[in-house]
Amino acid sequence: QVQVVESGGGLVQPGDSLRLSCTASGRILSMAAMGWYRLAPGKQRELVAAITSAGSTNYADSVKGRFTISRDNAKNTVYLQMNSLSPEDTAVYYCNADVGTGGITCSRYWGQGTQVTVSS
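What counts and how
- Residues numbered from 1 in each chain as written.
- Predicted model: local features only at pLDDT ≥ 70, side-chain atom pairs only at ≥ 80, totals over all residues.
- Heavy atoms only, no water.
- Disulfide = S-S within 2.5 Å.
- Helix = DSSP H or I, 4+ residues; strand = E, 2+ residues; numbered from the N terminus.
- Buried < 20%, exposed > 50% of the residue type's maximum accessible area, 1.4 Å probe, protein only.
- Salt bridge = Lys/Arg side-chain N within 4 Å of Asp/Glu carboxyl O.
- Phe/Tyr/Trp six-rings, centres within 6.5 Å; stacked < 30°, edge-to-face > 60°.
- Lys NZ or Arg CZ within 6 Å of the ring centre and 35° of its normal.
- Pairing = 2+ DSSP bridges.
- Axes fitted to C-alpha atoms, helices over the stretch in contact; angles between N-to-C directions.

J.: Honestly, the state of the cysteines in this entry has me stumped. Any pointers?
T.: What we call a disulfide is simply a covalent bond connecting the sulfur atoms of a pair of cysteines. Within this structure, the stated rule accounts for 1 disulfide. Two residues share a disulfide in this structure: Cys22 and Cys95, whose sulfurs sit 2.0 Å from each other. Measuring the twist about the S-S bond at about -80°, one finds the Cys22-Cys95 disulfide to be left-handed. Taken together, the residues Cys22 in strand E3 (residues 18-26) and Cys95 in strand E9 (residues 91-100) connect sequence positions 73 residues apart. The class for Cys95 is buried, based on a relative accessible area of 0%.

Okay, here's the thing in structure tokens:
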């Protein structure tokens with residue numbers, strides 16, 4: 001019913017910046033929260049940032065002051081601006097979107113992930 005696609009990952013050096021994008025498409029009647037998680041080998045999945053439909057945000061302590069999450073409701077798109085990247089940020093970043101598709105509750109959809117590698 002709904003597809004979620006991320007883009008913007010890549011290989012960068014410490015101190016560089018990346019901007020991740022995630023767009024949901026399909027049968028979308030309403031869009032609630034959207035967010036970014038990341039998963040590194042040998043580590044637990046971590047919530048990086050989330051944003052509600054009204055624009056309220058929350059961030060992992062490790063990225064506060066460096067990452068910024070934003071959204072474009074008209075485009076069903078969420079962004080993650082990542083500045084001052086360090087090797088510790090290396091992970092696969094997954095986008096999620098809580099979508100209303102006509103039922104009484106929303107469903108969470110996930111993207112395929114995009115690799116972010118920070119290495120010197």
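J.: Please explain the pattern of salt bridges as it appears in this structure.
T.: A side chain of one charge can pair with a side chain of the opposite charge if their charged atoms are brought near each other. Enumeration over the complete set of coordinates arrives at 5 salt bridges. Among the salt bridges present, the one from Glu46 reaches Arg38, with a minimum N-O distance of 2.8 Å. Judged by its relative accessible area of 28%, Glu46 falls in the partly exposed class. A salt bridge links Arg108 to Asp98; its shortest N-O distance comes to 2.8 Å. A residue pair is termed long-range when its members are at least 10 positions apart, and Arg108 in strand E10 (residues 107-110) and Asp98 in strand E9 qualify at 10 residues. Overall, the relative accessible area of 41% leaves Arg108 in the partly exposed class. The structure contains a network of salt bridges with shared partners spanning Arg38, Glu46, Arg66 and Asp89.

J.: Hey, could you run me through the packing of aromatic side chains in this one?
T.: Any two aromatic rings considered together are summarised by their centre-to-centre distance and by the angle between their planes. According to the stated counting rule, one finds 1 aromatic pair in the structure shown. Between Tyr37 and Trp110 the ring centres are 5.2 Å apart and the planes differ by 55°, which places this aromatic pair in the tilted class. One end of the pair, Tyr37, is in strand E4 (residues 30-39); the other, Trp110, is in strand E10, and 73 residues separate them in sequence. In this structure Tyr37 comes out as buried when scored by relative accessible area, which is 15%. Taking the relative accessible area as the measure of exposure, Trp110 reaches 33% and is therefore partly exposed. The residue whose ring lies beneath Arg19 is Tyr79, and the NZ or CZ to ring-centre distance is 4.0 Å.

J.: Explanation requested: the sheet that holds strand E7 (residues 67-72) in the structure shown.
T.: Backbone-to-backbone hydrogen bonds join strands into a sheet, with any given pair of strands oriented parallel or antiparallel. Taken together, 4 strands build an open sheet; the order of strands is E1-E3-E8-E7 and the sheet is antiparallel. What marks the edges here is a single partner per strand, and that holds for strand E1 (2-7) and E7. The average angle at which neighbouring strand axes cross in this sheet is 15°, direction not considered. Where E7 and strand E8 (residues 77-82) come together, 6 bridges link them in antiparallel fashion. Each bridged residue has a counterpart across the sheet, and for Ser70 the counterpart in E8 is Tyr79.

Spatial relationships are all this shows, so hold off on functional conclusions.
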